[in-house]
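# Tertiary structure, described
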Amino acid sequence: MTRVVRFHEYGEPEVLRIDDIEVPAPAPDEVQIDVKAIGLNRAEVMFRKNAYLQQAEFPSRLGYEAAGTVKAFGRHVSGFAEGDAVSVIPTLDMARWGTYGEVINVPARHVVRHPENLSFEQAAASWMQYVTAWGALIEQAKLSAGEFVIVSAASSSVGIAAFQIARGVGAVVIATTRTSAKAQALLDAGAHHVIATAEEDLPARVSDITAGKGARVVFDPIGGPAIAELAECMSVGGILLEYGALSPDEGPFPQFAVLGKSLTLKGYLYTEIVSDDAILMRAKTFINEGLRTGALKPLISRSFAFDDIQDATRFLESNAQIGKIVVSLSS
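Let me sum up the structure you'll find in this document. The numbers attached to residues start from 1 for each chain and follow its sequence in the written order. Only residues with pLDDT of at least 70 are given local features in this predicted model, and only at 80 or more are side-chain atom pairs given and counted; all residues enter the totals for whole chains, interfaces and linings. To obtain the side-chain values, all non-hydrogen atoms of the structure were included, while hydrogens and water were left out.

### Focus: the overall build of the protein chain
Every helix listed is a DSSP run of H or I at least four residues long, and every strand listed is a run of E at least two residues long, numbered separately from the N terminus. What the protein chain contains, in helices and strands, is 11 helices and 16 strands. Against the 2.2 N^0.38 benchmark of 20 Å for 331 residues, the protein chain shows a C-alpha radius of gyration of 20 Å, consistent with a compact globule. When the backbone C-alpha atoms are referred to their principal axes, the protein chain occupies close to 60 × 40 × 35 Å. In the protein chain, of all internal contacts separated by at least 6 residues, the share reaching a separation of at least 24 is 69%. Only the protein chains shown count as covering a residue, and every accessible area follows the Shrake-Rupley method with a 1.4 Å probe. Accessible surface for the protein chain amounts to roughly 14100 Å². Of this, 51% is attributable to carbon and sulfur atoms. Within the protein chain, the 39 negative side-chain charges are centred at a point lying 3 Å from the centre of the 29 positive side-chain charges. In this description the radius of gyration comes from C-alpha coordinates, and the expected globular size is given by 2.2 Å times residues to the power 0.38. What makes two residues a contact is simply this: any of their non-hydrogen atoms within 4.5 Å. In this charge count, Lys and Arg are treated as positive and Asp and Glu as negative; neither His nor the chain ends contribute. Working definition for charges: the position is that of NZ of Lys, CZ of Arg, CG of Asp or CD of Glu.

### Side note on helix 4 (residues 157-168)
Given a helix with a known number of residues, its expected span is that number minus one, times 1.5 Å. For helix 4, spanning 12 residues, the distance from its first C-alpha to its last is 17 Å, which sits close to the expected 16 Å at 1.5 Å a residue. In terms of burial, helix 4 is largely enclosed, as 10 of its 12 residues are buried. Of all the positions in helix 4, only Ser-157, Val-158, Gly-159, Ile-160, Ala-161, Ala-162, Phe-163, Gln-164, Ile-165 and Ala-166 are classed as buried. Immediately downstream of helix 4, the backbone of Gly-170 shows phi near 85°, a positive value. Burial classes follow relative accessibility: with a 1.4 Å probe on protein chains only, a residue under 20% of its type's maximum area counts as buried, one over 50% as exposed, and anything between as partly exposed.

### A few points about the pattern of salt bridges
Every case where a carboxyl oxygen of Asp or Glu lies within 4 Å of a side-chain nitrogen of Lys or Arg is listed as a salt bridge. Going through the model one piece at a time under the given rule, you end up with 18 salt bridges. Asp-34 serves as the salt-bridge partner of Lys-36, at 3.7 Å between the closest nitrogen and oxygen. When its relative accessible area of 23% is taken as the criterion, Lys-36 is described as partly exposed. When the shortest N-O distance is used, the salt bridge between Arg-282 and Glu-139 registers 2.6 Å. Note that Arg-282 is positioned in helix 10 (residues 277-293) and Glu-139 in helix 3 (residues 127-140), a separation of 143 residues in sequence. A residue is classified by how much of its surface remains accessible, and Arg-282, at 41% relative accessible area, is partly exposed. In this structure, a network of salt bridges that share partners links the residues Glu-12, Arg-48, Lys-49 and Glu-317.

### Examining the packing of aromatic side chains
Two rings from Phe, Tyr or Trp (for Trp, the six-membered ring) form a pair when their centres are within 6.5 Å of each other. A pair whose planes differ by under 30 degrees is stacked, one over 60 is edge-to-face, and the rest are tilted. With the rule as written, the count across this model stands at nine aromatic pairs. Considering the side-chain rings of Phe-7 and Phe-58, the 5.7 Å spacing of their centres and the 75° angle between planes classify their relative orientation as edge-to-face. Placement of Phe-7 in strand 1 (residues 2-7) and of Phe-58 in the loop between helix 1 (42-48) and strand 4 (60-61) is noted, with a sequence separation of 51 residues between them. Given a relative accessible area of 0%, Phe-7 falls into the buried group. Both rings, one in Phe-219 and one in Tyr-243, keep their centres 4.2 Å apart while their planes meet at 20°; by these two values the pair is stacked. A residue pair is termed long-range when its members are at least 10 positions apart, and Phe-219 in strand 12 (residues 215-220) and Tyr-243 in the loop between strand 13 (234-242) and helix 8 (255-261) qualify at 24 residues. Tyr-243 shares its class with Phe-219; the two are buried. Grouping aromatic residues by their ring pairs yields a cluster made of Phe-7, Tyr-10, Phe-47 and Phe-58. Placement of a charge over a ring requires the Lys NZ or Arg CZ to be within 6 Å of the ring centre, with the centre-to-atom vector within 35 degrees of the ring normal. Against the face of Phe-315 rests Arg-302, its NZ or CZ located 4.9 Å from the ring centre.

### Remarks on the layout of surface pockets
Residues are said to line a cavity or pocket when one of their atoms sits within 4 Å of a point; the points come from a 1 Å grid over protein atoms alone, cavities being sets where a 1.4 Å probe fits but cannot get out and pockets being open sets with protein on both sides within 12 Å along at least five of seven lines. Grid points are joined across faces, edges and corners, and a volume is the space filled by probe spheres set on the points. Considering only enclosed or pocket space, the largest pocket measures out at about 1500 Å³ in volume. In terms of lining, the largest pocket is formed by 49 residues, of which the most central are Arg-42, Ser-156, Pro-221, Tyr-243 and Leu-246. Where the lining of the largest pocket is concerned, the elements lending two or more residues are helix 1, helix 3, helix 4, strand 10 (172-177), helix 7 (226-232), helix 11 (309-318) and strand 16 (324-328).

### Re the environment of Gly-238
One can find Gly-238 in strand 13. A C-alpha to C-alpha distance of 7.5 Å links Gly-238 and Lys-261, two positions 23 residues apart in sequence. For Gly-238, the contacting residues outside a window of four places in its chain are Arg-216, Lys-261, Ser-262, Leu-263 and Thr-264.

### A short note on the packing of helix 3 against helix 4
Between N-to-C directions, angles span 0 to 180 degrees; the directions come from axes that are lines fitted to C-alpha atoms, helices contributing only their stretch in contact. Relative to each other, helix 3 and helix 4 sit at 50°, their axes nearing to 8 Å. Considering their axes alone, helix 3 and helix 4 lie oblique with respect to each other. Where helix 3 crosses over helix 4, the two elements pack in a sense that is right-handed. On helix 4, the residues that touch Gln-129, Tyr-130, Thr-132, Ala-133, Trp-134, Leu-137 and Ile-138 of helix 3 are Ser-157, Val-158, Ala-161, Ala-162, Gln-164, Ile-165 and Ala-166. Taken together, the residues of the contact of helix 3 with helix 4 break down into 10 nonpolar, four polar and no charged. Should an angle fall under 35 degrees it is taken as roughly parallel, and over 145 as roughly antiparallel, whereas 65 to 115 is taken as roughly perpendicular and any remaining angle as oblique. The hand of a helix crossing depends on one turn: near helix anticlockwise from the far one by less than a right angle means left-handed, and clockwise means right-handed. Three classes are used: nonpolar for Ala, Val, Leu, Ile, Met, Phe, Trp, Tyr, Cys and Pro, charged for Asp, Glu, Lys and Arg, and polar for all others, with Gly counted as polar.

Any link to function would need more than the numbers given here.
Here it is, written out as structure tokens:
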């Protein structure tokens, strides 16, 4: 029997239970992992609350990220050996391949041998944020040296990942946050400039920073009315990648900015990257190399024990921390 986290109804962190279940042998295309650490994501909170793209079938597993060692693998799997240190790239179905457990089965294409310089906690905190940011900034926006990129809600783990990826290609990062309370922390995390949107005029500050040119790339998880203001901050031919909907409100379509600057506004999901074998391989190569050299360095805010999974997800929901929350199963 193996201990796994499941929930039997939608609700607050209290619905999460650690159940003893029998984990089957891996399918022909799966790798079975002895989990050492788990990375937590807000997508899992939304799934637990029935506010996500996927609905649960109870009792439901959950979780997108983990790291550990290979315990077994299916007959069609090659390239892995028992005992290999590996981490999980988010799958397309967190209920089927949930990572919150002591032993998990994951499709082999979503398993990667991470660099030896990473701890299991760092490896478990890497793939959702870096795949999401890389896919938007590099694969789709083609961000390059000398260009300006606005990263909004910048204190999130994806925001910090975007800093590192943008700096890695020589771009200039303009981070936005609601107040100046986190400004120094964001600068320390890699932003070149920080704008507190509740205290400063965002378009005016961006204009000053970019010498009136504007930012070609915007990476935003908020949406709502803020999109119109972000469009004002963009350069001709710019692209805004919307990867979330933190705002509950709809905003006006910024038609004059879109027409006048020939802007592209694009909805973006990490699934666009992980569902395509060729793109996923490019992501693995870029991210693994960055992790190996230290150009990409996961920032961990706090670690919890597996038995404290309710407290860990409660902390994730109630704190606007900079960095990732992880759960450690290592002895």
